[in-house]
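Letter by letter, the chains look like this.
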Amino acid sequence: MLRFPKRQGPRIAPADAPYDAATAAALAALGGDIALFRVFARRPERAQGLHGWGRYYLSRQSALGLRHRELVIGRTTVRCGAEYEWGVHVAVFARKAGLDDGQIRSLVAGGHQDACWADPGDRAVIRAVDALCAAHDLADAEWQELAGAVGEEAAVDLLLLCGWYHAVSFAARVLRLPQEPGTPAFSDYLA
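Remarks on the overall build of the protein chain
- Summing up its helical and strand segments, the protein chain has nine helices and zero strands in all.
- Mapped from its N terminus to its C terminus, the protein chain presents α and β elements in the order α-α-α-α-α-α-α-α-α.
- Relative to the compact-globule value of 16 Å for 191 residues, the protein chain shows a C-alpha radius of gyration of 17 Å, a close match.
- The principal-axis extent of the C-alpha atoms belonging to the protein chain is close to 50 × 35 × 30 Å.
- When each of the 191 residues of the protein chain is scored for burial, the buried share is 49%.
- A separation of at least 24 residues holds for 66% of the contacts in the protein chain among residues at least 6 apart in sequence.

Take a look at the structure:
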């Protein structure tokens, strides 16, 4: 059973406008003015470092396509209880990735075996993320299923992306950031 944190106020105030030149440049590199990026940009050097990693994984350069990338991010953030980051990705990317309400609901409260996952690649990705979150490893059969479904290079990118979104989830959850305006909450998909 997944447990979700109760909402609280933020532990660190995000940077506020007007921004100095370094902070503004860091926010521009990160690609948005959301609270998490504004916390990262309190130290522009940190934001610049994060930008390099995210630029690859949120681009077409990654061996993972948009849909599988968002499945990894969605399931990882759910498993980590990072409602803030999950909500941002659902609001911005879920429809672009072709995810419907039933699939989003399954990411929150279901599993790879749910009927909404007809594609073997989708099932393999969700199963791999669940195994990584639970055991921090993939059994041989899980690795073979994943690599067979998405390819070896995409499987390696999945491992790194899942780990990266653990780090992002830790930050978003520990910082106690409130939901961004217009983003969903886990409870919207738990009914």
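What follows picks up the thread again.
A short note on helix 4 (residues 66-79)
- Helix length check: helix 4 (14 residues) gives 20 Å between terminal C-alpha atoms against 20 Å at 1.5 Å per residue, within 8%.
- With eleven of 14 residues buried, helix 4 lies mostly within the body of the structure.
- Residues of helix 4 that are buried: His68, Arg69, Glu70, Leu71, Val72, Ile73, Gly74, Arg75, Thr76, Thr77 and Val78.
- Those residues of helix 4 that are buried lie in contact with helix 3 (44-57), helix 5 (83-93), helix 6 (101-109), helix 7 (120-135), helix 8 (140-150) and helix 9 (152-175).
- Phi for glycine 81, located one or two positions after helix 4, is positive at around 70 degrees.

Some remarks on helix 5
- Counting buried positions along helix 5 gives eight out of eleven residues, so the element sits mostly inside the fold.
- Every buried residue of helix 5 is listed here: Glu83, Tyr84, Glu85, Trp86, Gly87, Val88, His89 and Val90.
- Where helix 5 is buried, its residues meet helix 2 (35-40), helix 4, helix 6 and helix 9.

What to know about empty space enclosed by the protein
- With the rule as written, the count across this model stands at two cavities of 30 Å³ or more.
- Of the voids in this model, the second largest cavity is the one considered here, and its volume is about 60 Å³.
- Surrounding the second largest cavity, Glu70, Gly74, Trp86, His89, Val90, Ala94, Leu99, Ile104 and Leu107 form its lining.
- Those elements giving two or more residues to the lining of the second largest cavity turn out to be helix 4, helix 5 and helix 6.

Quick notes on the packing of helix 5 against helix 9
- Their axes nearest at 7 Å, the elements helix 5 and helix 9 cross at an angle of 115 degrees. Of helix 9, the residues touching helix 5 (which contributes Tyr84, Glu85 and His89) are Tyr165, Val168 and Ala172.
- Considering only residue class, the contact of helix 5 with helix 9 consists of four nonpolar, one polar and one charged.

Observations regarding the layout of surface pockets
- Looking at the largest pocket, its volume works out to about 490 Å³.
- In this structure, the largest pocket is lined by 23 residues; those nearest its centre are Leu30, Phe37, Leu58, His89 and Tyr165.
- Breaking the lining of the largest pocket down by element, the ones donating at least two residues are helix 1 (21-30), helix 2, helix 3, helix 5 and helix 9.
- Sorting elements by how many residues they give to the lining of the largest pocket places helix 5 first, with five residues.
- Residues that form the lining of the largest pocket fall into these classes: 14 nonpolar, six polar and three charged.

Thresholds, definitions, all that
- Residues numbered from 1 in each chain as written.
- Predicted model: local features only at pLDDT ≥ 70, side-chain atom pairs only at ≥ 80, totals over all residues.
- Heavy atoms only, no water.
- Helix = DSSP H or I, 4+ residues; strand = E, 2+ residues; numbered from the N terminus.
- Rg over C-alpha atoms; globule rule 2.2 N^0.38 Å.
- Buried < 20%, exposed > 50% of the residue type's maximum accessible area, 1.4 Å probe, protein only.
- Contact = heavy atoms within 4.5 Å.
- Expected span 1.5 Å × (residues − 1).
- 1 Å grid on protein atoms, 1.4 Å probe; cavity = no way out; pocket = protein on both sides within 12 Å on 5 of 7 lines; lining within 4 Å.
- Points joined across faces, edges and corners; volume = space filled by probe spheres on them.
- Axes fitted to C-alpha atoms, helices over the stretch in contact; angles between N-to-C directions.
- Nonpolar A, V, L, I, M, F, W, Y, C, P; charged D, E, K, R; others polar.

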